[in-house]
Protein chains: 2
Amino acid sequence: MPELPQSDNMVLNALSHQLVEFFDKINSWENSVVRGSGLSPAQMHTLEVIGHRQDIRMKELAERLGVTTGTLTVAVDKLEKKGLVIRKPHLHDRRSWLVSLTEKGKAIFHRHDRFHRDFTEEISAGLTTEEVAQFSALLTKLLHRM
Amino acid sequence: MPELPQSDNMVLNALSHQLVEFFDKINSWENSVVRGSGLSPAQMHTLEVIGHRQDIRMKELAERLGVTTGTLTVAVDKLEKKGLVIRKPHLHDRRSWLVSLTEKGKAIFHRHDRFHRDFTEEISAGLTTEEVAQFSALLTKLLHRM
DNA sequence: ATCAAATATCTTGACTATCAAACAACAATA
DNA sequence: TATTGTTGTTTGATAGTCAAGATATTTGAT
């Protein structure tokens, strides 16, 4: 197993802590924005995933959210009661349901998406256009390995 | 209010969705790692904050975690029962308690910190040393505005 | 020195999120 | 057809969360 040079080790250590801080700050921003919307963070996240992939099976939705189908059943029940999502039977698999956003759900989804966009603009206001492009390119490489 | 050029707008939109994806992937990685430790994500996060700032007041800990002191009282009760943290009276303010990690809590904290370090190393393995330094520098600028 | 206001923590009640396990309906395969 | 696997639901237990109220202590203004 090859050893990293000491300097690389220190950079990685610093980066690790930066990532933790970055994550925490995004997280608390997200929470404070969501709390102003009448939905819980988990509910908003559910709307987000459905919004990016309409007519999604319960099973796949649960996987993408990282919860069990049991948890999801209850969550979707509540969102359906609020009129934000709707279940439709799967045409070819009668065990399955497809979940999608209602118009009301789509409105919330798009508003939240705009919040993300505004947040991104705000935090990158200290960067030049080139630096933003650079950051995005590096992020692409990182995402490939995750 | 100045309008951004169309191309900048598109870059920001892309970056916004990249950040969401980045956040989600870190989140699910973190959750899967934590679940293997017998602690909940919230409990691990509490240990992390205490670990970085031993002898912290309940009030300040609650603020850093983004929860009310009522929530924290219950959380610290449970961590204390597990032998991971300990409350000590504040020397100069008899209303206050200082919370710190026990040896057992420190062990868990350090192990988790190493997980973060390994994760960082893994995802940045596709980057050159210079790119890692570049990414870290850009992150520093972003963190300043958050 | 006294007293009102502010602060730090804890308690309680209500609600949500979560999982695991057991179950029912249906699909896929031997 | 009979068996095995998959999809979604239900239920019981535990944890996380907040708001509101209670208690003890400190601070600040008279």
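Scroll up for the structure.
Model, not experiment: these values are computed from the prediction.

Student: Explain helix 6 (residues 129-144) of chain B to me, please; I cannot follow it from the model alone.
Tutor: Turn by turn, an α-helix covers 3.6 residues, leaving residues three or four places apart pointing in a common direction. Residues and elements named next belong to chain B. Compared with the 22 Å implied by 1.5 Å per residue over 16 residues, the 23 Å span of helix 6 between its first and last C-alpha is a close match. Buried within helix 6 are the following residues: Glu131, Val132, Phe135, Ser136, Leu138, Leu139, Leu142 and Leu143. Here the buried residues of helix 6 occupy an arc of 165° about the axis, which is enough to place them on one side. Projecting away from the buried face of helix 6 at angles above 90 degrees are the exposed residues Glu130 and His144.

Student: Can you walk me through the relation of the copies chain A and chain B in this structure?
Tutor: Both copies of the chain are related by one operation, a rotation about an axis with a shift along it. In the superposition of chain A on chain B (RMSD 0.1 Å, axial shift 0.0 Å), the rotation amounts to 179°. Such a combination of turn and shift is consistent with a two-fold rotation axis. When the interface residues of chain A are mapped onto chain B, 100% of them again lie at the interface, so the same face is used by both copies.

Student: Explain the protein's contact with DNA strand C to me, please; I cannot follow it from the model alone.
Tutor: Contacts to DNA strand C come from 21 residues, most closely from Ser40 and Thr71 of chain A together with Lys59, Arg95 and Ser96 of chain B. Note that a phosphate oxygen of DNA strand C is positioned 2.9 Å from one of the side-chain N or O atoms of Thr71 of chain A. Within the side chain of Arg87 of chain B, an N or O atom sits 3.2 Å from a phosphate oxygen of DNA strand C. For the surface near DNA strand C, the leading source of residues is helix 4 (residues 69-81) of chain B, giving three residues. In the surface near DNA strand C, the residues fall into four nonpolar, nine polar and eight charged.

Student: So what exactly am I meant to see when it comes to the packing of helix 2 (residues 41-52) of chain A against helix 5 (residues 103-123) of chain A here?
Tutor: In a packed pair of helices, the relevant descriptors are the angle between the two axes and the axis-to-axis distance. All names here are of chain A. In the contact formed by helix 2 and helix 5, the axes pass within 10 Å of each other and the chain directions differ by 100°. By the angle between their directions, the pair helix 2 and helix 5 is classed as roughly perpendicular. Where helix 2 approaches helix 5, its residues Met44, Leu47, Glu48, Gly51 and His52 are matched on the opposing element by Ile108, Phe109, His112, Asp113 and His116.

Student: Looking at this model, I keep getting lost on the interface of chain A and chain B. Mind explaining?
Tutor: For an interface, size is often stated in terms of accessible area lost upon the parts coming together. If you look at the interface, chain A gives 48 residues, while chain B gives 48 residues. Inspection of the chain A/chain B interface yields two salt bridges. A salt bridge links Lys141 of chain B to Glu131 of chain A, with the shortest nitrogen-to-oxygen separation between them at 2.7 Å. Here chain A is connected to chain B by 10 residue pairs in polar contact (both at pLDDT 80 or more).

Student: When you look at the pattern of salt bridges in this model, what are you seeing that I'm missing?
Tutor: Oppositely charged side chains may form a pair once their charged atoms are brought near each other. Residue and element names in this part refer to chain A. If you walk through the whole model with that rule in mind, you get 24 salt bridges over all chains. Of the charged contacts, one joins Glu63 and Lys59 as a salt bridge, the two residues approaching to 3.4 Å between their closest N and O atoms. Taken together, the positions of Glu63 and Lys59, both in helix 3 (residues 58-65) and four residues apart, correspond to about one turn of that helix. The salt bridge partner of Arg117 is Glu121, with a shortest N-O separation of 3.0 Å. Of this pair, Arg117 and Glu121 are both found in helix 5, four residues apart, which corresponds to roughly one turn of the helix. Overall, Arg117 belongs to the buried group, its relative accessible area being 12%. In the salt-bridge network here, residues are joined through shared partners; they are Arg53, Glu60 and Arg64.

Student: What exactly am I supposed to notice about the sheet that holds strand 3 (residues 97-101) of chain A here?
Tutor: As a general point, the strands of a sheet are linked pairwise by backbone hydrogen bonds and lie either parallel or antiparallel. Residue and element names in this part refer to chain A. The strand order across the open sheet formed by three strands is 1-3-2, and the pairing between neighbours is antiparallel. A single partner strand is all that each edge strand has here, and the edge strands are strand 1 (56-57) and strand 2 (85-89). Two elements, strand 2 and strand 3, share five bridges in a ladder whose sense is antiparallel. By the bridge assignment for strand 3, Pro89 is matched with Trp97. Along the sheet face, helix 4 (residues 69-81) touches strand 2 and strand 3 and points at about 115° away from the line of strand 2.

Student: So what exactly am I meant to see when it comes to the protein's contact with DNA strand D here?
Tutor: Lining the immediate environment of DNA strand D, one finds 21 residues, of which Lys59, Thr73, Arg95 and Ser96 of chain A together with Ser40 of chain B sit closest. For DNA strand D, a phosphate oxygen lies 3.4 Å from a polar atom in the backbone of Trp97 of chain A. Residue Arg94 of chain B places a main-chain N or O atom 3.2 Å away from a phosphate oxygen belonging to DNA strand D. Residue composition of the surface near DNA strand D, by class: four nonpolar, nine polar and eight charged.

Student: How should the packing of helix 3 of chain A against helix 4 of chain A be read in this particular structure?
Tutor: Residue and element names in this part refer to chain A. Here helix 3 crosses helix 4 at 105°, and the two axes come no closer than 9 Å. Between helix 3 and helix 4, the crossing angle belongs to the class labelled roughly perpendicular. For the pair formed by helix 3 and helix 4, the contact residues are Met58, Lys59, Leu61, Ala62 and Leu65 on the first element and Thr69, Leu72, Thr73 and Val76 on the second. Here the residues of the contact of helix 3 with helix 4 are counted per class, giving six nonpolar, two polar and one charged.

Student: I would appreciate a short explanation of unusual backbone geometry in the present structure.
Tutor: Phi is positive for Asp55 of chain A, close to 55°, though the residue is something other than glycine. With respect to the helices, strands and loops of the structure, Asp55 of chain A is situated in the loop between helix 2 and strand 1.

Basis of the calculations
- Residues numbered from 1 in each chain as written.
- Chains lettered and ligands numbered in written order.
- Predicted model: local features only at pLDDT ≥ 70, side-chain atom pairs only at ≥ 80, totals over all residues.
- Heavy atoms only, no water.
- Helix = DSSP H or I, 4+ residues; strand = E, 2+ residues; numbered from the N terminus.
- Expected span 1.5 Å × (residues − 1).
- Buried < 20%, exposed > 50% of the residue type's maximum accessible area, 1.4 Å probe, protein only.
- Arc of directions from axis to C-beta.
- Least-squares fit on C-alpha atoms with pLDDT ≥ 70 in both.
- Contact = heavy atoms within 4.5 Å.
- Near = heavy atom within 4 Å.
- Polar contact = N/O pair within 3.5 Å; in protein donor to acceptor, adjacent residues only side chain to side chain.
- Nonpolar A, V, L, I, M, F, W, Y, C, P; charged D, E, K, R; others polar.
- Axes fitted to C-alpha atoms, helices over the stretch in contact; angles between N-to-C directions.
- Parallel < 35°, antiparallel > 145°, perpendicular 65-115°, else oblique.
- Salt bridge = Lys/Arg side-chain N within 4 Å of Asp/Glu carboxyl O.
- Pairing = 2+ DSSP bridges.

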